[in-house]
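# Structural overview for review
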Amino acid sequence: MLERIHLVIIREVDRLGSLTAAAGTLHLTQSALSHTVKKIEQQLGTPIWDREGRSLRLTQAGQYLLALAERLLPQFEHAESRMKQYAAGERGTLRIGMECHPCYQWLLKVVSPYLARWPDVDVDVKQRFQFGGIGALFGYDIDILVTPDPLRRPGLRFDPVFDYEQVLVVAENHPFATLRYVKPDQLADETLITYPVETDRLDIYNQFLRPAGVAPRRHKTIETTDIMLQMVASNRGVAALPRWLAEEYADRMPVASVKLGKDGIAKQIFLGTREADAGIDYLASFVAYARGSMAQAPRPRR
C-alpha cells in the first residue's frame, strides 16, 4: 500500500508548507496533487494531515511517515546516484561528516593530495546532521564520519587515523602559561571558550572538570578557531584544543599550550564507515591517506 512517491509527497509538503509549493517541485498541478493526497489517506485508512485553512499540519500518523521518509529517501537517492555513476563509469562524490570541529585544518591536508590522486571524485563536507553523525552514516547522508568519540554499532567500522592530546590553550602572558599542567579547580575562575557543542560531548568537561566537581566561571561558545584563539590571545578566556592545532597557531599568535592534569588527556580521531562499503576503492584510499599511509593508498582503477 505504501509507495515511495507517497513518502516523497509527504516530505515535500512538509518541507515547503503547502500543496501549491509542493506541486511545483513535484511537477504536478495543485488539483492533481490534492487528488493524490486524498488517495493516499484513503489507501492508508487514516488522515495524514489536519487542514487548518490553507495550511496543513501532520497528524501523528503523518509525523511517523515523515520520519520514515527522512530515513529511507536519502538511501534511495544515494543508491540511484551510485547506479548512475556505475553506468557512466564515474565515481561521484565522497561525503564526509565532521564531528570534530578543530579537524578542518587536518582535513585540508588530506583532501588536497587525495583529490589530486582521484580526479573523478568530488568531496563534500557536512557538519550538521538531522539524526546525528551515526544516523547520517546509516541514512546514507554521508559516507565517512570524522569523530573523536566513535559509537560502535553493527554494520559500521571505525578506523583510528591519528592520536592527539587535548590541551588547555592560554595567552602566552597568562599565569597558566608557565605551568607544567593545570588542575581542574584552577579553571573555576576562568572563562572557558569552546565550539558550539553540547557539554556532554566535550572532553574537558567529561574527563577533566566534572569528575572533580568543578565548573568554569563562565562558558562561551565560538564557531571558528581563528576567532576563538584571538579571544584567548587577548586574555578573554581559555580554550581546550588538540595540541597539534594549538602549536600551529602558536607559531603566529601569542598563545601557549598547557597539559590538562598531570597525565594529560589522550584522544584519537576515527573515521567511521559502513561495513558494506569496504570494497569501494576511493573510500578505502581516503582512509589510507588519513592514516598517513600515502605509499599504500590504493590507486584508481581505470
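Procedures and definitions
Residues numbered from 1 in each chain as written. Predicted model: local features only at pLDDT ≥ 70, side-chain atom pairs only at ≥ 80, totals over all residues. Heavy atoms only, no water. Core = buried A, V, L, I, M, F, W, Y, C linked by side-chain atoms within 4.5 Å. Buried < 20%, exposed > 50% of the residue type's maximum accessible area, 1.4 Å probe, protein only. Helix = DSSP H or I, 4+ residues; strand = E, 2+ residues; numbered from the N terminus. Contact = heavy atoms within 4.5 Å. pLDDT = per-residue confidence, 0-100. 1 Å grid on protein atoms, 1.4 Å probe; cavity = no way out; pocket = protein on both sides within 12 Å on 5 of 7 lines; lining within 4 Å. Points joined across faces, edges and corners; volume = space filled by probe spheres on them. Nonpolar A, V, L, I, M, F, W, Y, C, P; charged D, E, K, R; others polar. Expected span 1.5 Å × (residues − 1). Salt bridge = Lys/Arg side-chain N within 4 Å of Asp/Glu carboxyl O. Arc of directions from axis to C-beta. Pairing = 2+ DSSP bridges.

## With respect to the nonpolar core
Core analysis: the largest hydrophobic core is formed by 36 residues, its most contacted members being L168, V169, V182, L187, I204, F208 and L209. Elements with a contribution of two residues or more to this core: β6 (156-171), β8 (191-194), α7 (203-209), α8 (225-233), β10 (238-242), α9 (243-250) and β11 (255-260). Per element, the largest residue contribution to this core is 5 residues, and it comes from α8. Those residues in contact with I204 that sit more than four places away from it in its chain are L168, L187, L192, L209, A240 and L260. Within the second largest apolar cluster, 26 residues are counted, among which are L107, V121, F162 and I269.

## Some words on the confidence of the model for the chain
In this model, the chain carries an average pLDDT of 87, and 93% of its residues clear a pLDDT of 70 or more. Throughout residues 293-299 the model reports pLDDT below 50, and contacts reaching past four residues in sequence, or to other chains, amount to 14 contacts.

## Here's the deal with the layout of surface pockets
Estimates place the volume of the largest pocket at around 310 Å³. In this structure, the largest pocket is lined by 13 residues; those nearest its centre are H101, Q127, P196, E198 and R201. Residues belonging to the lining of the largest pocket are distributed by class as follows: 4 nonpolar, 4 polar and 5 charged.

## Quick notes on empty space enclosed by the protein
If you roll a probe as big as a water molecule over the atoms, it shows you where there is empty space left. A full pass over the atoms with the stated rule returns 1 cavity of 30 Å³ or more. Around the largest cavity sit 20 residues that line it, and P102, Q166, Y195, R201 and L202 are the ones nearest its centre. A per-element tally of the lining of the largest cavity places β10 first, with 3 residues. Of the residues in the lining of the largest cavity, the class split is 13 nonpolar, 3 polar and 4 charged.

## Quick word on helix α1 (residues 4-16)
Compared with an ideal rise of 1.5 Å per residue, which puts 13 residues at 18 Å, α1 spans 18 Å between its outermost C-alpha atoms and is within 8% of the ideal. What α1 keeps buried is the set H6, L7, V8, I9, I10, R11, E12 and V13.

## Overview of the pattern of salt bridges
Tallying each qualifying case throughout the model produces 18 salt bridges. Across the pair E12 and R11 runs a salt bridge whose closest N-O atoms are separated by 3.8 Å. When salt bridges that share partners are traced, they join R11, E12, R15 and E77 into one network.

## Notes on α9
Turning to α9, its buried residues number three or more, namely L245, A246 and Y249. Seen along its axis, α9 keeps its buried residues to an arc of 100°; they face one direction. Tucked inside the fold, the buried residues of α9 contact α5 (104-117), β6, α8, β10 and β11.

## Let's talk about the pairing of β11
Note that β6 and β11 share 5 bridges and pair antiparallel. In the strand pairing of β11, V169 is matched with S257. Here strand β7 (residues 181-182) pairs with β11 via 2 bridges, running parallel. Among the inter-strand pairings, V182 is bridged to a residue of β11, identified as L260.

## Some remarks on the environment of E248
As for its placement among the helices and strands, E248 is situated in helix α9. For the pair E248 and I193, spaced 55 residues apart in the sequence, the C-alpha separation amounts to 18 Å. With residues up to four places along the chain from it excluded, the contact list for E248 reads Q105 and K109.

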